[in-house]
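Report on the structure
In case you want the letters, here they are:
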Amino acid sequence: MAVLWVALSGYWSRGNELFYLLFLPLLWMAVRRGLRGATAAILALDSGIIVALRIYPRAPSELTVLQFLMLILSLAGLVLGALISERDTGEQRLSEEEGRIRLLLESTGEAIYGVDTKGECTFCNRAMLRLLRYGSQNEVMGRNIHDVLHHTRRDGSRCPQSECALQKEFRGGRRFHAADELFWRADGSSFDAEVWCHPLLQQGQMLGAVVTFVDITERIKVQEALRQAKEDAEAANCAKSNFLANMSHEIRTPMNGILGMTTLTLETNLDEEQRDYLNMVKSSGESLLRLLNDILDLSKIEAGKMDLEIAEFSVEDCIEEALQPLALSAQQKGVELVWNTGRDIPDAVRGDSTRLRQVLINLAGNALKFTNEGQVAIYARHAGNREDGLMLEFTVIDTGIGIPEEKRQKIFEAFAQADMSTTRRYGGTGLGLSICERLVELMGGRIWVESEEGRGSEFHFTMRVFLAAAREKLSPTRDGVKQPAVQQTSRQVLAVESNAVNRELLERLLPRWGLKAVTAAGAEDALALLTESRRIGENFSAILVEKDLPNPGGFALLAAVRESSAPDLLAILVHARPLNAADRKRCEQLGVTRTILKPFRRSALYEALQEGHGALKETQIPAAMTSAEGGRTGLRILLAEDNAVNQRLTARLLEKMGHVVTIVENGQMALRLLSEQKFDLVAMDMQMPIMDGLEATEEIRAREKKSGKHLPIVAMTANAFEEDRQKCQRAGMDGYITKPVTAKAIEMEITRVMAAQEKEENRLVPRAG
């Protein structure tokens, strides 16, 4: 602008009126930029000078001075206007920012207010006014906020400012949070609030604080409703548990009589029709008992009350024990049960053998239910090491109907099966696989299924076990006397078995006992092996023959063997179904030394081979050969039982074992009789009138503290929950048997308890010398 003015000054000095047009852009710029104040005044002055010069002309020299003055004033006005405009713009931006902040404060649902160092309100939002029911900010601004909303305690007493935790904390420059404070509204009503206080600090100087709070009245109502719902659910669960416990007891008590008396009756002289009827009764009762056990197990798992009992066990024992209850059903259906384990599985591991056996029984029983021909097999293998333990993988394979792909996930749901038609045709509640899945998870593993419709199924599951302490390898015992182990010899056994799994099992087991297993799948191969052994002079010491070999069959093979040059060869017949009279007579004719019923059990196989070979080497003792000595016979047993049927049943079972039984109906009578007579063991029911089994046991143990003696007590109860077992242990009982009782369960528990008693007595007897 100045350059332009200098360039035209000569022309302007001649008084050319075009000079005044220079102010037009200045006026436009001032208006464009919104300049006002001093700038407008200067431009007005310039405009006045121009008008005056037109009215009163001046000399050229004077005109030039005025022109310079006008230009300087105009430029100064522009600069000053620019500065003022910049300030106004900043103020406008600040005002807009404050508007946005206030909009945010007003839009939030939380009540917010600010206080100065004195605790007086400096601002508040509408949410606070609405929550406290004030009409405007004027009713709150400048007042001490403690007197506005925090002035009274819950009990109605006054709350002084000096005791207000909120004010103490923010004045100390500290944050404050209270989950449940009582605030008061303008109308005198109160509400529960959650409060947050943040002190305002500027360069270390306290300016005040910002406080936010929310009404938590509804939250507290919801929490109270949830608490009440939780208590109601716990009460309902407790009622359910009590119902299940009572149901279990009330069902097991008569079931004990039904199954026990049926078993005793089956041991008497019956005609074929009567025996058939009673077997049906027993089978139905056992089915009902399995259903009851499944329901109780599922209930315990869902309640988180299912605990594992970690103890040392043999995987092979567990598989054998799982297959035994299924043997009769498999024989009736013509389905073969087979098993084998990996060679790298330790002889003994630590884990819950009871739950493992339960899973195996469920899976194998389920497989058998859906298999009408072929086989059901159980395999076990080492699946990797885990810190102080290892993982085992079990597989149950069947040749049954299979499972459609879209139904495979559903089968693990409680009370579900692949199809409702499955329930109608095969029965079952759908609890078994659900329980298996939960038990496997409890044992640190997982379960899955592979199946193809029409071609069978494979159920796999893993479990974590721990390594057992190294044990001394003992030799088998005979008549309670330890026999010396023999060195491995070159004796060979020819095993003729059509099932490949059974051949693999025999090839793995026989070398343990110092025998070499040579296997054949049929009669033709077996005869060829016999001929070759005679030719090279390495004759077999025994032959193990499957009765149901493909043509010509097991009996025909044995006949051919007897007609050969090995007529005295030890012969063992293996059969999948019980032998009839004709089969037994044929065995006598062919010189069969022993018969073995499938599925293979190591103890039976060991005994059969031992009969012809004498002492055998043993590197792993079959369970049946190494169990503790049988319980002492002729024990004087006091039976405390209030149910007449169970009295008669239990007494009869004990008497058949050779024990002398005295019966009482309650704990009080038991105590009186114990003070008068001497007994070797007490079988105690838990629930009895007048005095129950727990009270009676506690009284017996209290008396023994004076005498120093210890009378073994075994609980025989229909209370089947784990807490019931623990109650018995705490009361001082030594053993625990759940009803329905069986002769085997009673005998095993009495044997265990008396063996422990004898061991303790031997420990307490001082050694001579």
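Look above for the structure.
Scanning the protein for helices and strands turns up 26 helices and 24 strands. In the protein, buried positions account for 44% of the 769 residues. Counted over contacts in the protein with a minimum sequence separation of 6, partners at least 24 positions apart contribute 64%. When the accessible area of the protein is evaluated, it comes to approximately 40,800 Å², of which 52% is carbon and sulfur surface.

Next up on the list: the packing of aromatic side chains. Inspection of every chain in the model, using the stated rule, returns 5 aromatic pairs. With a centroid separation of 5.1 Å and 85° between ring planes, the pair formed by Phe 183 and Phe 213 is classed as edge-to-face. Here Phe 183 is found in strand β3 (residues 176-184), whereas its partner Phe 213 is found in strand β5 (residues 205-215), with 30 residues between them in sequence. Taking relative accessible area as the criterion, Phe 213 reaches 0% and is therefore assigned buried.

Right, let's talk about empty space enclosed by the protein for a bit. By the definition in use, this model includes 2 cavities of 30 Å³ or more. Of the volumes computed, that of the second largest cavity is approximately 30 Å³. In this structure, the second largest cavity is lined by Tyr 113, Ile 145, His 146, Leu 149, His 150, Cys 164, Leu 166 and Gln 167. Going through the elements one at a time, α7 (145-149) and α8 (165-171) are the ones with two or more residues in the lining of the second largest cavity. Taken together, the residues of the lining of the second largest cavity break down into 5 nonpolar, 3 polar and no charged.

Quick look at the pattern of salt bridges now. If charged atoms from side chains of opposite charge come close, those side chains can pair. The full count for this structure, using the stated rule, is 33 salt bridges. Residue Arg 602 pairs with Glu 320 through a salt bridge whose shortest N-O separation is 3.0 Å. Here the residue Arg 602 occupies a position in helix α20 (residues 602-613), and Glu 320 occupies one in helix α11 (residues 315-323), the gap between them amounting to 282 residues. The class of Arg 602 is buried, set by a relative accessible area of 1%. On the accessibility criterion, Glu 320 (10% relative accessible area) is buried. When salt bridges that share partners are traced, they join Glu 316, Asp 317, Glu 320, Arg 508, Arg 512 and Arg 602 into one network.

Interaxial distance between helix α13 (residues 353-369) and helix α15 (residues 432-442) falls to 10 Å at its minimum, and their mutual angle equals 145°. Note on packing geometry: the crossing formed by α13 with α15 is left-handed. For the pair α13 and α15, contact is made by Arg 355, Gln 358, Val 359, Asn 362, Leu 363 and Asn 366 and by Gly 432, Leu 433, Ile 435, Cys 436, Leu 439 and Val 440, respectively. Grouping the amino acids of the contact of α13 with α15 by side-chain chemistry returns 7 nonpolar, 4 polar and 1 charged.

The next thing to look at is helix α24 (residues 693-707). Taking 1.5 Å of rise per residue, 15 residues should cover 21 Å, and α24 covers 21 Å from first to last C-alpha, within 8% of that figure. Buried within α24 are the following residues: Gly 693, Leu 694, Ala 696, Thr 697, Ile 700, Arg 701 and Glu 704. Viewed along the axis of α24, the buried residues span an arc of 160°, placing them on a single side of the element. In α24, the exposed positions angled more than 90 degrees off the buried face are occupied by Lys 705 and Lys 706. Elements that come into contact with the buried residues of α24 comprise α23 (667-676), β22 (681-684), β23 (713-717) and α25 (722-731). For α24, the side-chain oxygen to backbone nitrogen distance between the N-cap and Leu 694 is 3.1 Å, and the N-cap itself is Asp 692. Backbone geometry just downstream of α24 places Gly 708 in the positive-phi region, at approximately 80°.

The subject of this paragraph is the sheet that holds strand β15 (residues 492-496). The sheet built from 5 strands is open, its strands ordered β16-β15-β17-β18-β19 with parallel pairing. With one partner strand each, in any of the chains shown, β16 (516-520) and β19 (592-597) form the two edges of the open sheet. Averaged over all neighbouring strand pairs, the angle between strand axes comes to 20°, with direction disregarded. Bridge count between β15 and strand β17 (residues 542-546): 4 bridges; the pairing is parallel. Residue pairing for β17: Ala 495 is matched across the bridge by Leu 544. On top of the sheet, helix α16 (residues 500-509) reaches β15, β16 and β17; it is set at about 165° to β16, its chief contact. Running over the sheet, helix α18 (residues 554-563) touches β15, β17, β18 (570-575) and β19 and is turned about 155° from β17.

Thresholds, definitions, all that
- Residues numbered from 1 in each chain as written.
- Predicted model: local features only at pLDDT ≥ 70, side-chain atom pairs only at ≥ 80, totals over all residues.
- Heavy atoms only, no water.
- Helix = DSSP H or I, 4+ residues; strand = E, 2+ residues; numbered from the N terminus.
- Buried < 20%, exposed > 50% of the residue type's maximum accessible area, 1.4 Å probe, protein only.
- Contact = heavy atoms within 4.5 Å.
- Areas by Shrake-Rupley, 256 points an atom, 1.4 Å probe, with all protein chains shown as cover.
- Phe/Tyr/Trp six-rings, centres within 6.5 Å; stacked < 30°, edge-to-face > 60°.
- 1 Å grid on protein atoms, 1.4 Å probe; cavity = no way out; pocket = protein on both sides within 12 Å on 5 of 7 lines; lining within 4 Å.
- Points joined across faces, edges and corners; volume = space filled by probe spheres on them.
- Nonpolar A, V, L, I, M, F, W, Y, C, P; charged D, E, K, R; others polar.
- Salt bridge = Lys/Arg side-chain N within 4 Å of Asp/Glu carboxyl O.
- Axes fitted to C-alpha atoms, helices over the stretch in contact; angles between N-to-C directions.
- Left-handed = near helix turned anticlockwise from the far one by under 90°.
- Expected span 1.5 Å × (residues − 1).
- Arc of directions from axis to C-beta.
- Polar contact = N/O pair within 3.5 Å; in protein donor to acceptor, adjacent residues only side chain to side chain.
- Pairing = 2+ DSSP bridges.

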